[in-house]
Amino acid sequence: MTGALAGVGLVKKYGATTALAGVDVAVGESESLAIMGPSGSGKSTLLHTLAGIVRPDGGEVLLRGERIDRLGENRLSELRRTRFGFVFQFGQLLPELPAEENVALPLMLEGVPRRRAVQRARRWFAPLGLDGLERRRPGGLSGGQAQRVAIARALVIEPDVVFADEPTGALDQVTGTEVVRLLTSVTREQGAALVMVTHDADVAARCDRIVQVRDGRISAHSQYTVA
Ligand code: ADP
């Protein structure tokens, strides 16, 4: 069983540093996986390897059972644009564009005409509690609102997998909890898998499963159920 996305025996070296020393990890459709571990343990390298941003030196990355780690750069970048969504610590919204156009951007990059792209983008505002903020520019949004716009932008292409790197890192506890609650529930409803790096145990506990990374290896698995 490979699920939506799997890493099998992943190895990544940077010179003398072994960032990943043989990692096996899988996430199913509609499932969320949190990656935790100390600084420098290999969390980002693992996320980036699964997302086709970093090429592993050994092992395989399987998206719905198909190997993606040996694809050429063009094919990989197309796959990242069409099948993966990304949410980072800082929303990385374009400040000059209203929220709805930030969300519509991934569709426009795929050739969807602007009006249609914006229409599709608007559908994400209510589920993410952003009603009425469609024309607001990022500078006029709170940190939590901006992060919810970033989530909408990640989901608008209806990806197979959403990757989130410290998505609550720049938010206070209450706002962060609300953002991650929405992120996990909306990706689940969408049928997408979620892979999230976080140092926050409360945030990780919102995911279906948690793996702990230490010295480039998975040191522990745990299963949580959030009521
Ligand atoms: P974490 O996300 O858990 O903080 P990283 O995956 O960023 O850990 O890093 C794991 C190890 O790989 C660290 O020792 C780090 O210094 C090293 N590393 C990560 N990226 C690079 C890179 N681009 N070049 C050289 N070393 C790197």
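One can find the structure itself at the top, above this paragraph.
Description of the structure in this document. Computed from a prediction, not measured in an experiment: that's the story for all the values here.

## A word on the site of the ligand
Working step 1: Looking at the ligand, the residues that line it are Tyr14, Thr17, Ala19, Pro38, Ser39, Gly40, Ser41, Gly42, Lys43, Ser44 and Thr45.
Working step 2: In this structure, an oxygen atom belonging to the ligand sits 2.8 Å away from a side-chain N or O atom of Lys43.
Working step 3: Summarising the interface, the protein chains cover 58% of the accessible area of the ligand, which totals 560 Å² for the free molecule.
Working step 4: Put simply, the parts of the chain that give the shell around the ligand at least two residues each are strand 2 (17–27) and helix 1 (43–50).
Working step 5: Ranked by residues supplied to the shell around the ligand, first place goes to helix 1 with three residues.
Working step 6: Broken down by class, the residue content of the shell around the ligand amounts to three nonpolar, seven polar and one charged.

## A few points about the sheet that holds strand 1 (residues 5–14)
Working step 1: Within the open sheet, the four strands sit side by side as 2-1-4-5. Their pairing is antiparallel. With partners counted over all chains shown, the strands left at the sheet margins are strand 2 and strand 5 (66–67), one partner each.
Working step 2: As paired strands, strand 1 and strand 2 are joined by eight bridges and run antiparallel to one another. Each bridged residue has a counterpart across the sheet, and for Leu5 the counterpart in strand 2 is Val27.
Working step 3: Contacting strand 1, strand 2 and strand 4 (58–63), helix 1 runs over the sheet at an angle of about 125° to strand 1.

## Notes on the pattern of salt bridges
Working step 1: With the rule as written, the count across this model stands at 16 salt bridges.
Working step 2: A salt bridge links Glu73 to Arg55, with the shortest nitrogen-to-oxygen separation between them at 3.2 Å. Note that Glu73 is positioned in helix 2 (residues 73–83) and Arg55 in the loop between helix 1 and strand 4, a separation of 18 residues in sequence.
Working step 3: A relative accessible area of 30% means that Arg55 is categorised as partly exposed.
Working step 4: Between Arg67 and Asp69 there is a salt bridge, with the nearest N and O atoms lying 2.8 Å from each other.
Working step 5: Within the structure, one salt-bridge network assembled from shared partners comprises Glu100, Glu101, Arg114, Arg122 and Arg135.

## Notes on empty space enclosed by the protein
Which parts of space are left empty comes out when a probe the size of a water molecule is rolled across the atoms.
Working step 1: According to the stated counting rule, one finds two cavities of 30 Å³ or more in the structure shown.
Working step 2: Volume-wise, the largest cavity comes out at about 40 Å³.
Working step 3: Around the largest cavity, the lining residues are Thr49, Gly52, Val54, Arg55, Pro56, Ile68, Asp69 and Leu76.
Working step 4: Per-class residue counts for the lining of the largest cavity are four nonpolar, two polar and two charged.
Working step 5: Its volume calculated, the second largest cavity comes out at about 40 Å³.
Working step 6: Taken together, Leu5, Ala6, Gly7, Val25, Ala26, Val27, Leu33, Leu50 and Val195 make up the lining of the second largest cavity.
Working step 7: For the lining of the second largest cavity, the secondary structure elements donating two or more residues are strand 1 and strand 2.
Working step 8: Per-class residue counts for the lining of the second largest cavity are eight nonpolar, one polar and no charged.

## Points about the layout of surface pockets
Working step 1: Taken as a whole, the largest pocket holds about 370 Å³ of empty space.
Working step 2: As for the largest pocket, its lining consists of 14 residues, of which Phe84, Phe86, Pro106, Leu109 and Arg153 are closest to the centre.
Working step 3: Where the lining of the largest pocket is concerned, the elements lending two or more residues are helix 2, strand 6 (84–87), helix 3 (99–109) and helix 5 (143–155).
Working step 4: What the second largest pocket holds in volume is close to 160 Å³.

## Considering the environment of Ala205
Working step 1: Tracing the backbone through its elements, the reader meets Ala205 in the loop between helix 7 (201–204) and strand 9 (209–214).
Working step 2: For the pair Ala205 and Leu33, spaced 172 residues apart in the sequence, the C-alpha separation amounts to 9.7 Å.

## Some points on the packing of helix 3 against helix 5
Working step 1: In the contact formed by helix 3 and helix 5, the axes pass within 7 Å of each other and the chain directions differ by 30°. When the axes of helix 3 and helix 5 are compared, the pair comes out roughly parallel. For helix 3 against helix 5, the interelement crossing comes out right-handed. Between helix 3, through Ala99, Asn102, Val103 and Pro106, and helix 5, the contact on the second element is made entirely by Val149, Ala152 and Arg153.
Working step 2: For the contact of helix 3 with helix 5, a count of residues per class yields five nonpolar, one polar and one charged.

Rules and cut-offs
Residues numbered from 1 in each chain as written. Predicted model: local features only at pLDDT ≥ 70, side-chain atom pairs only at ≥ 80, totals over all residues. Heavy atoms only, no water. Near = heavy atom within 4 Å. Polar contact = N/O pair within 3.5 Å; in protein donor to acceptor, adjacent residues only side chain to side chain. Areas by Shrake-Rupley, 256 points an atom, 1.4 Å probe, with all protein chains shown as cover. Helix = DSSP H or I, 4+ residues; strand = E, 2+ residues; numbered from the N terminus. Nonpolar A, V, L, I, M, F, W, Y, C, P; charged D, E, K, R; others polar. Pairing = 2+ DSSP bridges. Contact = heavy atoms within 4.5 Å. Axes fitted to C-alpha atoms, helices over the stretch in contact; angles between N-to-C directions. Salt bridge = Lys/Arg side-chain N within 4 Å of Asp/Glu carboxyl O. Buried < 20%, exposed > 50% of the residue type's maximum accessible area, 1.4 Å probe, protein only. 1 Å grid on protein atoms, 1.4 Å probe; cavity = no way out; pocket = protein on both sides within 12 Å on 5 of 7 lines; lining within 4 Å. Points joined across faces, edges and corners; volume = space filled by probe spheres on them. Parallel < 35°, antiparallel > 145°, perpendicular 65-115°, else oblique. Left-handed = near helix turned anticlockwise from the far one by under 90°.

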